[in-house]
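For reference, the chains in residue letters:
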Amino acid sequence: MKHPTGTYLISFTEMFEKLSYYMFTGTLVLYMYEVLHFSVQFSALLYGIIIGFCYFSQMISGYITDVYLGNRKAVLIGGIVMLASQLIFAYDASLYYLTEAVPTHSTLLFSYPEIIFIIGAIIFSIGTSFIKISITSFIGLFYENKEGLLDSAYTIFYMISNIGPLIAPLILGIVVGIGYPHLYQYGFLISALNIFIGLVGFQMLKDKYLVLESGEKLGITPISKMIVEKTGENIARSRGGNLTKIEKDRIKVIFLILIIFTVFYMGLEQIFTSLIIVSIHYVNNTIPFTNITIAPQTYNCLNALFVILLSPLLLKLMPMLADRNKEPSSIGKLGIGTLLIALAYTFLLIPNYIPGKINMIWIIFFHIFLSMSELFIVPIGLSLISKLAPVRYRSVMMGVLFTATAIAEIFSGILASSVPTPGHCTKLFGLIPINSLSSFVCIFIILPGVTGLIWFLSKKKIQKLTHGIT
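Since we're looking at a predicted model, the values are computed, not measured. (Residues numbered from 1 in each chain as written. Predicted model: local features only at pLDDT ≥ 70, side-chain atom pairs only at ≥ 80, totals over all residues. Heavy atoms only, no water.)

To continue, consider the pattern of salt bridges. Taken as a whole and assessed by the stated rule, the structure comprises 6 salt bridges. Between Glu17 and Lys132 there is a salt bridge, with its nearest N and O atoms 3.4 Å apart. Separated by 115 residues along the polypeptide, Glu17 in helix H1 (residues 5-34) and Lys132 in helix H5 (residues 112-141) bring together distant segments of the chain. With its nearest N and O atoms 2.8 Å apart, the salt bridge here joins Lys333 to Glu327. Residue Lys333 is classed as buried on the basis of its relative accessible area of 4%. Taking relative accessible area as the criterion, Glu327 reaches 32% and is therefore assigned partly exposed. Within this structure, Glu14, Glu17 and Lys132 form a network of salt bridges that share partners. (Salt bridge = Lys/Arg side-chain N within 4 Å of Asp/Glu carboxyl O. Helix = DSSP H or I, 4+ residues; strand = E, 2+ residues; numbered from the N terminus. Buried < 20%, exposed > 50% of the residue type's maximum accessible area, 1.4 Å probe, protein only.)

Given below as structure tokens:
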């Protein structure tokens, strides 16, 4: 069955949001290190806190969207606030000359640029929370009584939206690079322009394409009011705990899915923090057979590139397996994705036992398998949560998902702060010595590996709790 045009509009709107978002996250650690002169470890830790707050606040914004705003207003408000934050960052970056003489430090000194930076980060987190939660839950509105299409719908959504993360590192590598603190302001201005273009396109086309076949406009009425209008159900009472046993079981599965998401994002977010540091110190960044050296943040485009390239293959492969009754269940796909994280990091472990700097081919293999894990976890997990969540809780459950992501981001920053630089030993949680890159990489092999094995051993019990959702 053909997907509605609105799915593609939402996907392209998210593409521009992600382009703006990943230009910010892709430059954040280096900005703190090169402009604000925070230490590498403190920059990585603060990254986790800032991005964690972006996701944590989505629990609140999801509730406000469900009860008061509706998805359309939430997208508009979130986009405008996010645009304002990027302009604040551009202004903060223009003050780079005020921090030229600042020594490297591991705390906030509350200089004027740092105060502006923190204000911008808070505003960015609030704007991001509204636009991400409303866009993500928007997809499910098109597929009431069409649950069989949700997996492919979220895969299409994920494939198109990842054009943004593909382009963002390339722009950063060209416009900002490494060692040019005066250029960061232009990166932030380009990021602001992207979110502006996405918002304008959304506003111009929403009335034409964000509609059902019946002509009903989607995203205007908050979902809680929509349920009252359609069913007469008292939302206040139902949110007080009037859940059936099946709904309670399915919510249990949602919280188990959150464990998978937490483990995944702890591994994925390293590409914006510790792996940039690894690329600077441990990787040969010269393209083979050329004299061209690439900026470390450029590697981040590989993740989005392989997501885009592999998505059509999975969209064709899964129906073929389904025709042969061999397609893994959604629960099984989550387990496969978790094990693929461990496999991806194995490609960073192996070259540590080969003399010399790491060849960039290993980085490419790492991103291939990390992208495969992403496709098995994120779109499938989003689809499952959308199907498992009671309709009146859908955006809130997406908010719970992003809250788990927030926890993952914070822990990701803590883990990233323990990445060792050559000749230096660090301590994980201030206790466990990390004296080599191999020791650091093993964290991200063991954690998802053990989680994936436990998930597969419990797969039948988890599947039973879904009560027929596959």
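Let us now look at unusual backbone geometry. Positive phi outside glycine occurs at Phe110, with the angle close to 60°. Not every positive phi belongs to a glycine, and His467 is a case in point at roughly 55°. Relative to the helices and strands, His467 resides in the segment after helix H18 (459-465). Looking at His467, the relative accessible area reads 33%, which means it is partly exposed.

So, about the packing of aromatic side chains. If you walk through the whole model with that rule in mind, you get 22 aromatic pairs. Centroid distance Tyr31 to Phe117: 5.9 Å. Interplanar angle 35°. Geometry classified as tilted. You can see Tyr31 sitting in helix H1 and its partner Phe117 sitting in helix H5, a full 86 residues away along the chain. For the pair formed by Tyr31 and Phe117, the shared burial category is buried. Grouping aromatic residues by their ring pairs yields a cluster made of Tyr21, Tyr22, Phe24, Tyr31, Phe89, Phe117, Phe124, Tyr184, Phe188 and Phe272. In this structure, Lys132 packs its charged tip against the face of Tyr21, placed 4.3 Å from the ring centre. (Phe/Tyr/Trp six-rings, centres within 6.5 Å; stacked < 30°, edge-to-face > 60°. Lys NZ or Arg CZ within 6 Å of the ring centre and 35° of its normal.)

Moving on, we come to empty space enclosed by the protein. Applying the stated criterion across every chain, the model contains 4 cavities of 30 Å³ or more. Reported here for the largest cavity is a volume of approximately 200 Å³. As for the largest cavity, its lining consists of 17 residues, and the residues nearest its centre are Lys18, Lys132, Tyr158, Tyr265 and Phe402. Among the secondary structure elements, those contributing two or more residues to the lining of the largest cavity are H1, H5, helix H6 (150-161), helix H11 (245-268), helix H15 (360-388) and helix H16 (394-416). Partitioning the lining of the largest cavity into residue classes produces 11 nonpolar, 2 polar and 4 charged. (1 Å grid on protein atoms, 1.4 Å probe; cavity = no way out; pocket = protein on both sides within 12 Å on 5 of 7 lines; lining within 4 Å. Points joined across faces, edges and corners; volume = space filled by probe spheres on them. Nonpolar A, V, L, I, M, F, W, Y, C, P; charged D, E, K, R; others polar.)

With respect to the element layout, Ser39 can be found in the loop between H1 and helix H2 (40-56). A distance of 3.1 Å separates a polar atom in the side chain of Ser39 from a polar atom in the side chain of Ser106. Ignoring sequence-local partners within four residues, the contact set of Ser39 consists of Tyr33, Thr104, His105 and Ser106. (Polar contact = N/O pair within 3.5 Å; in protein donor to acceptor, adjacent residues only side chain to side chain. Contact = heavy atoms within 4.5 Å.)

Attention now goes to the nonpolar core. The biggest cluster of nonpolar side chains holds 128 residues, and the ones touching the most others in it are Ile10, Phe117, Ile257, Tyr345 and Phe366. Per-element accounting of this core gives the leading share, 15 residues, to H15. Those residues in contact with Phe366, other than ones at most four positions away along the chain, are Ile271, Leu275, Ala344, Tyr345, Phe347 and Leu348. Counting residues in each nonpolar core, the second largest holds 5 residues, with Met159, Leu166, Cys301 and Ile308 among its members. (Core = buried A, V, L, I, M, F, W, Y, C linked by side-chain atoms within 4.5 Å.)

Here the focus is helix H3 (residues 58-69). Over its 12 residues, H3 extends only 14 Å from the first C-alpha to the last, a length that falls short of the 16 Å expected when each residue adds 1.5 Å. Downstream of H3 by a residue or two, Gly70 has a phi angle that is positive, lying close to 85°. (Expected span 1.5 Å × (residues − 1).)

This part covers the confidence of the model for the chain. When pLDDT is averaged across the chain, the result is 84; 93% of the residues are at 70 or more. In this model, residues 235-240 is a region of pLDDT below 50 whose contacts with residues beyond four sequence positions or in other chains number 14 contacts. (pLDDT = per-residue confidence, 0-100.)

What follows deals with helix H8 (residues 184-209). For H8, spanning 26 residues, the distance from its first C-alpha to its last is 37 Å, which sits close to the expected 38 Å at 1.5 Å a residue. Of all bends in H8, the biggest is about 35°, found at Gln203. Within the span of H8, buried status applies to Tyr184, Gln185, Gly187, Phe188, Ser191, Ala192, Asn194, Ile195, Gly198, Leu199, Phe202 and Lys206. On its buried face, H8 is in contact with H1, helix H4 (71-93), H5 and helix H7 (163-175). (Bend = angle between axes of the 7 residues up to and from the residue.)

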